[in-house]
Structures are given as structure tokens and as C-alpha cells.
Amino acid sequence: MEGISFTAHVSNKKSAITSKSKLAGVAKHNLRKYKSEEYSADNIFLIYGTDNLVHDVKAVYHQEFDEAVKVYNENQSRADRKIEDYFEHVANKEQDMAVEIIIQVGDRAYWQEHCENKVFMRRIYRMLLEELQYQLPQFVVANAVVHMDEDSPHMHVVGVPVGTGYKNGMSKQVSKRKVFTKEVLSIVLQDKLRAFANQKAEIVLGEQIREKSKGRNYDLSVMEYKVLKEEIRYDDLKEQADEKQQENQMLEREKKQLVQEYDTLSMRVAVKQMDYEEADKRVKEANERADRIEAYIKTQSDTLVDLEEKTTKLERKAEIAEMVYEMARGSGGNEDLRDKLIDVMYENEQLKAENSKLRETLNKAYDFMKQFVVDGRNLLERFLESIGQVIEKVRDGFRR
């Protein structure tokens, strides 16, 4: 078959970058001897990023995910659910935290015969990298280096696959499954990138890129393709598991909230029950006290009625005595009558003084009764209503 080969391999299984140690291993391989005494810009050269690949990947994380992390954290009520550093968060989850694509134009046999054409590959790989970034922007490139010190010149591209549109968790997440779909592997990496490489190779090298070999799925070996399918299936199941876990956590939070609300309501009911029992106790005590006061007032009412009657009688006797005294002035020297009148006068004064004290006591009793209210009326009103007619009848009886 005429033409030169073109391959674009995506890291998977053993070569997958699923931890910081594996990322460091990729950096050690890709940038070997970089800036050291053995380093030669003719053999290994950077076309994107810096000599610190790990730092470059972290920079992409901050650039792509900091805003999504901020929004996610703002919606978390629990501190242990918040994400401090998304790079560290993903590194501890045993998932693809970065992806490496190895692109190679020409195989060993071709380069053994055309070693002089290697000088053109730096430019071709730069253009292929730009085309890859254009065709697959959701694969954010962090670092790219070209190796010229092996049998065939090839390019290592390390980047971060950025998935979007998530409803659970962060709105943007690292996701190899979402970015490197079957269509992307076939259409972008093999068809479009191959066509672009063919165009440049034809111009620069005077060679065409050979067509894809039949029986090879998207330039992956049968085993690699099976592994990729298992990885995609694993990612699907893992995402479903993560969603279920988030649902369970949400339901658990709702359950705890309901338990707290139930406990709070139970406490409130208990407090209200205590308040009700206390209020009922106080009402009973108040009723008992009111009954005692009412009984006391009734007793005092009877006493006051009796005092009113006695006072009225004594006042009447005093009036009669004064009349007798006036009449006795012209009776001559009737000493017995005069003494009796004096006794009556004295008794009259005593009775008036006693009557004054009784009235003072009565007024105090009235004031005391005003302080108590039963059925919306103070006890004085009830007392006056109950004895008013009796006193009036007694007074009417004496006036007659």
C-alpha cells in the first residue's frame, strides 16, 4: 500500500493518567533530559507549555474549573462536601485526570529511508497541534513536545478533557468519556486530522498519508478498542453510581432535616403541654382563691349588713336623745332626766366615733374588693348589687 502511515493514539488502561504519580511519570518520559547537559533541541523540543508538565496541567485546571468549583461550593451546606482544590480532588478519585495523545507521521521503515525529512517534522507537528486544538477545543492542551531521538519522529500532547452540561455536582468536570467519544476518535482524530496531515505531508514531504487500514477500528488495535469500550462503559456506570450516591446523600440530608423538624415539633408540643398544664393549674388555683374570697366577702357582707342595721338604730336613738334633751330644758331641775340625757349624749358621741371607724373599715373593704374580678365584674359591684336592696329596705324601715 502506497503512502506513509498516520496514527493518533489516545492513552488508555496502562498508559492512562489516573494519578499524580502517573502524570509525573509522563512528564519524566516526555521531557527527558530537558534542560540537562544531555539535552539537545534537535532531538526533543517543546512546542506548547513549559518544562514543568505537572504545573501546566494544574494551570489548565485553574483556568477551566475554578469558577465551576466556586459555584458548586456556594451551593453546599456542609463543609465536608466542598472542594478546596479540584486538581487534588480528581487525583484522588482514580479517574483520568489528564489524557495523552501520541501522534506519529511515518513509520520506522519510512524514516530509515528518508531520515533527511525529519527536519520538516517540527513544523508539521506544530500545524497538527493547532488543528487538533481547533477541531477538539474541549480537549484543553497543557503541554506538547516532539521526540526526534527515536526511530520515528512523534508528538506527545497532554491535555485535560473538559466535559460540560452536568446537572449533578459541578457544571464542568474532567471527563475523558464525554470528550473522546466514538465519533471524536473516528471523525476528528482519524478522518479530519489524517486529512490535514495528508495535506501538509504532500506539500512538505511530497508524500501522501495512506488510508485507514481495514479491520483496524479507528487506528486502534482490537485489544485497545475493547479496552476503550470497557473504559467508556466503566465511566457510564461510574457516573450513574455518582448520581445515585448524590441522590442518596440528598435523601439522607432530607431525612436528617425531617428528623430535626420532628424533634423540634415534639419539643414544642411538650413545652406547650407544660404551658397548658401550668396554665390549667393556675386557673384552678385562681378559681379556688376566687371561691375563698367570695365566701369571705359573703361573710363580710352579712357582717356589714348587721353593722349597717346597728349603725342606723344607734343613729336613730341619738336623734331621739337630742330631741328629748331639747324638750327637757324647760323641765326644771330634773337631775335624773338630765343625767340620762347626758348618758345618751355621751353614748351618741361614742356611737358617732364608732360609726366613723366602721365607715373607714367599710371603705377599705370596698377598695379591697375592687381588686378582684370574677366573670368580668369586680367583687365590689357584685357585693353592692347583692346587699344594696337589703340596706335600702332596712333604712326604709327605720325612716317609717
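Only a predicted model underlies this, so the values are computations on that prediction, with no experimental measurement involved.

Remarks on a nonpolar patch on the surface
Residues V119, F120, I203 and V204 make up a contiguous nonpolar surface patch of about 380 Å² in total accessible area. Position of V204 relative to the elements: it lies in helix α7 (residues 182-204). Of the residues examined, V204 reaches a relative accessible area of 31% and is grouped as partly exposed.

A short note on the environment of I47
Topologically, I47 is positioned in strand β2 (residues 44-48). Residues I47 and V146, spaced 99 residues apart in sequence, show a C-alpha to C-alpha distance of 7.4 Å. Leave out the neighbours within four places in its chain, and I47 touches Y125, R126, L129, A144, V146 and M155.

Looking at helix α5 (residues 121-135)
An α-helix turns once every 3.6 residues. As a result, residues three or four positions apart point the same way. Its 15 residues place the ends of α5 20 Å apart at the C-alpha level, agreeing with the 21 Å of an ideal helix rising 1.5 Å per residue. Listed in full, the buried residues belonging to α5 are M121, I124, Y125, M127, L128, L129, E131 and L132. In this structure, the buried side of α5 is in contact with β2, β3 (99-105), α4 (108-113), β4 (139-147), β5 (154-164) and α7.

Comments concerning the packing of helix α1 (residues 20-30) against helix α2 (residues 53-74)
It is at 9 Å that the axes of α1 and α2 come closest, and there the two elements cross at 125°. With respect to α2, the axis of α1 lies oblique. The segment α1 lies against α2, with L23, A24, V26, A27 and N30 engaging L53, V54 and V57.

Brief notes about unusual backbone geometry
Despite not being glycine, K13 has its phi angle at roughly 40°, a positive value. Judged by its relative accessible area of 56%, K13 falls in the exposed class.

Considerations on a negative patch on the surface
Where like charges cluster on the molecular surface, the negative patch consists of D66, E67, E74, E84 and D85. Locating D85 in the fold gives a position in the loop between α2 and α3 (86-91). You can call D85 partly exposed: its relative accessible area is 30%.

Quick notes on the packing of aromatic side chains
Under the definition given, this model contains six aromatic pairs. Between F139 and F180 the ring centres are 5.4 Å apart and the planes differ by 70°, which places this aromatic pair in the edge-to-face class. In this pair, F139 sits in strand β4 while F180 sits in the loop between α6 (176-179) and α7, placing the two residues 41 residues apart along the sequence. Judged by relative accessible area, which is 1%, F139 ranks as buried.

A short note on the nonpolar core
Counting 39 residues, the largest nonpolar core has I103, L128, F139, M155, F180 and L189 as its most contacted members. The set of elements that each furnish at least two residues to this core consists of β1 (6-10), β2, β3, α4, α5, β4, β5 and α7. No other element matches the eight residues that α7 contributes to this core. Setting aside chain neighbours within four positions, we find F139 in contact with V99, I101, L132, V157, V158, G159, V160, P161, V179 and F180. V26, I44, V60 and V69 belong to the second-largest nonpolar core, a separate cluster that totals 30 residues.

Quick notes on the packing of α5 against α7
Their axes nearest at 10 Å, the elements α5 and α7 cross at an angle of 150°. On the basis of the axis angle, α5 is roughly antiparallel to α7. In the crossing of α5 with α7, the sense of the turn from one axis to the other is right-handed. Along the contact surface, α5 presents I124, M127, L128, E131, L132 and Q135, while α7 presents V188, L189, K192, L193, F196, A197, K200 and V204.

As for the side chain of E100
Considering the arrangement of structural elements, one finds E100 in strand β3. At a separation of 2.8 Å, a polar atom in the side chain of E100 contacts the side chain of H156. For E100, the contacting residues outside a window of four places in its chain are H9, V10, S11, I17, V26, N30, H156, V157 and V158.

Side note on the pattern of salt bridges
Here the structure, examined in full by the defined rule, presents five salt bridges. The salt bridge partner of E88 is K20, with a shortest N-O separation of 2.8 Å. With a gap of 68 residues between them, E88 in helix α3 and K20 in helix α1 connect regions that are remote in the sequence. Taking the relative accessible area as the measure of exposure, K20 reaches 38% and is therefore partly exposed.

Regarding α7
With 23 residues, α7 extends 31 Å from end C-alpha to end C-alpha; this agrees with the ideal 33 Å at 1.5 Å per step. L193 marks where α7 bends most, by close to 30°. Of the residues flanking the end of α7, it is G206, one or two places downstream, whose phi is positive at about 75°.

Thresholds, definitions, all that
- Numbering of residues begins from 1 in every chain and follows the order in which that chain's sequence is written.
- Side-chain atom pairs in this predicted model are given and counted only at pLDDT of 80 or more, local residue features only at pLDDT of at least 70, and totals for whole chains, interfaces and linings cover all residues.
- Where side-chain values are given, they derive from all heavy atoms of the structure, hydrogens and water being excluded.
- Patch membership is restricted to residues that have no salt bridge and whose relative accessible area is over 30%. Joining uses 9 Å for like charges and 5 Å for the nonpolar side chains Val, Leu, Ile, Met, Phe, Trp and Tyr.
- To be clear on the numbers: accessible area is Shrake-Rupley with a 1.4 Å probe, and residue cover counts the displayed protein chains and nothing else.
- When a carboxyl oxygen of Asp or Glu is within 4 Å of a side-chain nitrogen of Lys or Arg, the pair counts as a salt bridge.
- Comment: elements are numbered from the N terminus, with helices defined as DSSP H or I runs of at least four residues and strands as E runs of at least two.
- For every residue, the accessible area (1.4 Å probe, protein chains only) is compared with the maximum for its type, and the residue is labelled buried under 20%, exposed over 50%, or partly exposed between those bounds.
- Contacts are residue-level and defined by heavy atoms, with any inter-residue pair within 4.5 Å sufficient.
- Working rule for helices: expected span equals 1.5 Å times residues minus one.
- All axes are obtained by fitting lines to C-alpha atoms, using only the stretch in contact for helices, and the reported angles, taken between N-to-C directions, cover 0 to 180 degrees.
- Angles below 35 degrees are treated as roughly parallel, those above 145 as roughly antiparallel, those between 65 and 115 as roughly perpendicular, and all remaining angles as oblique.
- Positive charges are assigned to Lys and Arg, negative charges to Asp and Glu, while His and the chain termini are left out of the count.
- Charge placement uses NZ in Lys and CZ in Arg. For Asp and Glu, CG and CD serve respectively.
- Only Phe, Tyr and Trp rings are paired, with Trp represented by its six-membered ring, and only when their centres lie within 6.5 Å; those with planes under 30 degrees apart are stacked, over 60 edge-to-face, the remainder tilted.
- What we call a nonpolar core is a set of buried Ala, Val, Leu, Ile, Met, Phe, Trp, Tyr and Cys residues that are connected through their side-chain atoms within 4.5 Å.
- Should the near helix be turned counterclockwise from the far one by less than a right angle, the crossing is left-handed, whereas a clockwise turn marks it as right-handed.
- Pairs of N or O atoms are called polar contacts if they sit within 3.5 Å, as long as, within protein, a hydrogen donor faces a hydrogen acceptor (for residues adjacent in sequence, only side-chain-to-side-chain pairs).
- A residue's bend is the angle separating two fitted axes: one through the seven residues that end there, the other through the seven that start there.

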